[in-house]
Amino acid sequence: MATESPIGIHDLSFATTEFVLSHEELAAYNGTEIGKYHVGIGQRSMSVPAADEDIVTLGAAAAAPIVARHGSDRIRTVVFATESSIDQAKSAGVYVHSLLGLPSACRVVELKQACYGATAALQFAIGLVRRDPSQQVLVVASDVSKYALDSPGEATQGAAAVAMLVAADPALVRIEDPSGVFTADVMDFWRPNYLSTALVDGQESISAYLQAVEGTWKDYSEQGGRPLEDFAAFCYHQPFTKMAYKAHRHLLNYCGRDTDKDVIESDLGRTTAYNAVIGNSYTASVYLGLAALLDQAEDLTERAVGFLSYGSGSVAEFFAGTVVPGYKEHLRTDANREAIDRRKPVDYAGYRELHEHSFPTDGSDQANPAQTSGPFRLAGISDHKRLYETR
Ligand code: CAA
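Analysis parameters
Residues numbered from 1 in each chain as written. Predicted model: local features only at pLDDT ≥ 70, side-chain atom pairs only at ≥ 80, totals over all residues. Heavy atoms only, no water. Disulfide = S-S within 2.5 Å. Buried < 20%, exposed > 50% of the residue type's maximum accessible area, 1.4 Å probe, protein only. Helix = DSSP H or I, 4+ residues; strand = E, 2+ residues; numbered from the N terminus. Pairing = 2+ DSSP bridges. Core = buried A, V, L, I, M, F, W, Y, C linked by side-chain atoms within 4.5 Å. Contact = heavy atoms within 4.5 Å. Axes fitted to C-alpha atoms, helices over the stretch in contact; angles between N-to-C directions. Near = heavy atom within 4 Å. Polar contact = N/O pair within 3.5 Å; in protein donor to acceptor, adjacent residues only side chain to side chain. Nonpolar A, V, L, I, M, F, W, Y, C, P; charged D, E, K, R; others polar. Patch = residues over 30% accessible without salt bridge, like charges linked within 9 Å, V, L, I, M, F, W, Y side chains within 5 Å. Areas by Shrake-Rupley, 256 points an atom, 1.4 Å probe, with all protein chains shown as cover. Salt bridge = Lys/Arg side-chain N within 4 Å of Asp/Glu carboxyl O. Expected span 1.5 Å × (residues − 1). Lys, Arg positive; Asp, Glu negative; His and termini not counted. Charge placed at Lys NZ, Arg CZ, Asp CG, Glu CD.

(A) Summary view of the state of the cysteines. On inspection of all chains with the given rule, the structure shows zero disulfides. Here Cys115 stays unpaired: no disulfide links it, and the sulfur of Cys235, its closest cysteine neighbor, is 15 Å away. With no disulfide of its own, Cys255 has Cys235 as its nearest cysteine by sulfur position, at a separation of 17 Å.

Right, dumping it as structure tokens:
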């Protein structure tokens, strides 16, 4: 039955990896001037998965605190968004559903459209809750961003999962209509089935992202969206944090506005803290930006936040959310900092070994070394089946 209740993000939790590689380590290995990483792309470090971590263990770790806080009685749908999928048929969400002990009266599905997938999941979740506001949808966005060693993309790698509980009368952010949407068939970034690392045309990918910013904003305005002045902050997809600055400058230019450095910093500055030290988390990235904003900003009650979600290939969406009174009481700021601070530094050699770790492609069994101290681990593969454990 249709309802007028607001619908949006009721809770948000994230998880990242066991290890972290600093950009100083990477720069010392490849001879890059550190300013290119710290200033040029705006990255300080990247999350590196342990050999026994993957999108499932990260996704389950992100979602477990949400289930612990709210229970699972009302969760009738789990939508798992990823572009680093582990199986061509089975949804990674089914493993998460099992690890979290969710009820069997639940539908679970995996969604893919590069880094845009989590926003599709959020919008689909809103549709389901609108149909029956007593239900909640668990959205899990989980990705491991992996480029070839010694490639230009290597410095933008990262990994994280964000879990969001979508519900009526949300405690954090009400998601508004309309959305501005945009699709263009471009080959800026892709990963064919036979590769474990992404292919990318770096400069083309930046142009495609900027084209999508224009396209979504144009459609958002035509659909009757808010004027630019309404927004207290903007959460962009952040493949590297400087991309958000490029995108916002482009939007302001497109709208004929002043591109003053201080204005841009005030619009974006608080959204980049987590992405700068985690790296690209693909589908999760824009919502890590939201977590950083809510955790750090002064009071945002009833202020509008703009979201620009971009997925290469390409699909993008611009939409607005309004921050709910009392939201600060529901944040997970300490847990978020702990997720980042608990990572163990690896040196370049250790990172390279982890980067090269993979399952055999001939179907033989493999046990993974026990490395993660997170709540779930991927113990290995046997008889072509992934074996997950709760620690
Ligand atoms: N001090 C300060 N700045 C420096 C510097 C120094 N010593 N040396 C270089 N820089 C600056 C450069 O001027 C440049 O800044 P501008 O872009 O503002 O001009 C910046 O550092 C990067 O330098 P380059 O362009 O020379 O870097 P590169 O070509 O080696 O790699 C990249 C950059 C193409 C983005 C590469 O990291 C890459 O391929 N990344 C993956 C693709 C990507 O993230 N694309 C973004 C859009 S696609 C998307 O969003 C989807 C997704 O998640 C992948």
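(B) The pairing of strand β17 (residues 376-382), seen in detail. Where burial is concerned, most of β17 is hidden: six out of the seven residues are buried. Judged from the two bridges that link them, strand β16 (residues 366-367) and β17 form a sheet pairing that is antiparallel. Across the sheet, Gln366 pairs through a bridge with Ile381, a residue of β17. Where β17 lies against strand β18 (residues 385-390), six bridges are found, and the strand directions are antiparallel. Residue pairing across strands places Ser382 opposite Lys385, the latter belonging to β18. The antiparallel hairpin formed by β17 and β18 contains two residues in its connecting segment, where Asp383 sits at a positive phi of about 55°.

(C) Spatial organisation of the nonpolar core. Ranked by internal contacts, the top residues of the largest apolar core, which has 51 residues, are Ile9, Phe14, Val166 and Tyr287. For this core, the element with the highest residue contribution is helix α10 (residues 285-296), accounting for eight residues. Those residues in contact with Tyr287, other than ones at most four positions away along the chain, are Leu12, Ala118, Thr119, Leu122, Val162, Met164, Phe307 and Phe319. Core analysis: the second largest hydrophobic core is formed by 45 residues, Ala50, Phe234, Phe240 and Phe318 among them.

(D) Highlighting the sheet that holds β16. Strand order in the open sheet formed by three strands is β16-β17-β18, and the pairing between neighbours is antiparallel. Bordering the open sheet on either side are β16 and β18, each of which pairs with just one other strand. Across the sheet, helix α3 (residues 55-70) touches β17 and β18, and the angle it forms with β17 is around 150°. Each of β17 and β18 is contacted by helix α4 (residues 92-99), which is oriented at about 30° to β18, the strand it contacts most.

(E) How the structure looks around the site of the ligand. Neighbouring residues of the ligand: 24 residues in total, closest Lys36, Ser205, His237, Lys246 and Asn280. In this structure, Lys36 approaches the ligand through a side-chain N or O atom, which is 2.7 Å from an oxygen atom. Pro152 places a main-chain nitrogen or oxygen 3.1 Å from an oxygen atom of the ligand. Counting residues per element, the ones that place at least two in the shell around the ligand are α2 (34-41) and α6 (202-222). When its residues are assigned to classes, the shell around the ligand shows eleven nonpolar, ten polar and three charged.

(F) Spatial organisation of a nonpolar patch on the surface. On the surface, a cluster of nonpolar side chains totalling about 270 Å² of accessible area is made up of Met187, Trp190 and Leu199. With respect to the helices, strands and loops of the structure, Met187 is situated in the loop between β9 (180-183) and β10 (189-190).

(G) Spatial organisation of helix α7 (residues 241-254). Taking 1.5 Å per residue as the helical rise, α7 with its 14 residues ought to reach 20 Å, and the 20 Å between its terminal C-alpha atoms agrees with that figure. Those residues of α7 not exposed but buried are Thr241, Met243, Ala244, Tyr245, Ala247, His248, Leu251 and Leu252. Lining the buried residues of α7 we find α2, α6, β12 (231-236), α8 (261-268) and α9 (273-278). After α7 finishes, the residue Gly256 shows a positive phi value of roughly 70°.

(H) Expanded view of a negative patch on the surface. Taken together, the side chains of Asp258, Asp260, Asp262 and Glu265 make up a negatively charged region of the molecular surface. Relative to the assigned elements, Glu265 resides in helix α8. According to the relative accessible area criterion, Glu265 is partly exposed, its value standing at 41%.

(I) Local environment of the environment of Ala335. Position of Ala335 relative to the elements: it lies in helix α11 (residues 333-341). The exposure class of Ala335 is partly exposed, given its relative accessible area of 45%. Residues Ala335 and Lys36 lie 299 residues apart in sequence; the distance between their C-alpha atoms is 31 Å.

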